[in-house]
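# Observations on chain architecture
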Amino acid sequence: TAVTSVVPQSSILGPVLFNIFTNDLAAELEGVISKFSDDTKLGRAVDSLEGREALQRHLDKSEGWAITNHVKVNKG
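Overview of the structure. Please read these numbers as outputs of a predicted model, since none were measured by experiment. (Residues numbered from 1 in each chain as written. Predicted model: local features only at pLDDT ≥ 70, side-chain atom pairs only at ≥ 80, totals over all residues. Heavy atoms only, no water.)

### Here we look at the overall build of the chain
Cut-off, in case you're wondering: Numbering goes from the N terminus for both helices and strands, where a helix is a DSSP run of H or I of at least four residues and a strand is a run of E of at least two. Note on contacts: a residue pair qualifies if any of its non-hydrogen atoms lie within 4.5 Å across the two residues. Surface accessibility in these figures is a Shrake-Rupley result with a 1.4 Å probe; residues are shielded only by whichever protein chains are displayed.
Each helix and strand in the chain was counted, giving 2 helices and 2 strands. Of the regular secondary structure in the chain, the N- to C-terminal order runs α-β-β-α. Counted over contacts in the chain with a minimum sequence separation of 6, partners at least 24 positions apart contribute 27%. A total of about 6,200 Å² of accessible surface is found on the chain, and carbon and sulfur atoms cover 56% of it.

Encoded structure:
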């Protein structure tokens, strides 16, 4: 059987390690970044073409970060 996680479920260690691991992602992005347990969400108000382009740049940066760090992203 393949091991999909090395952190025991229902432990406090999982969320702490996740926050340490993803700390550098938040440093590169602007906008509202919500981190909880094993989830990170990026949001930004967009009311202009410049705002849309800025959001797209941040999404591209986060995708690059995920590729570099071998993180699978659930885009839903």
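Now that the structure has been shown, the text picks up again.
### Concerning the environment of Glu63
Going by this rule: Throughout this description, buried means an accessible area under 20% of the type-specific maximum (1.4 Å probe, protein chains only), exposed means over 50%, and partly exposed covers the range between.
Take Glu63: it is sitting in helix H2 (residues 49–68). With a relative accessible area of 40%, Glu63 lands in the partly exposed category. Distance from Glu63 to Val73, taken between C-alpha atoms, is 8.1 Å for residues 10 residues apart in sequence.

### Notes on a nonpolar patch on the surface
Stated formally: Each patch is built from residues lacking any salt bridge and having more than 30% relative accessible area; the joining distance is 9 Å for like charges and 5 Å for nonpolar side chains (Val, Leu, Ile, Met, Phe, Trp, Tyr). Any Lys or Arg side-chain nitrogen found within 4 Å of a carboxyl oxygen on Asp or Glu counts as a salt bridge.
On the surface, Ile12, Leu13, Val16, Leu17 and Ile20 cluster together to form a nonpolar patch covering roughly 490 Å² of accessible area. The class for Ile20 is exposed, based on a relative accessible area of 60%.

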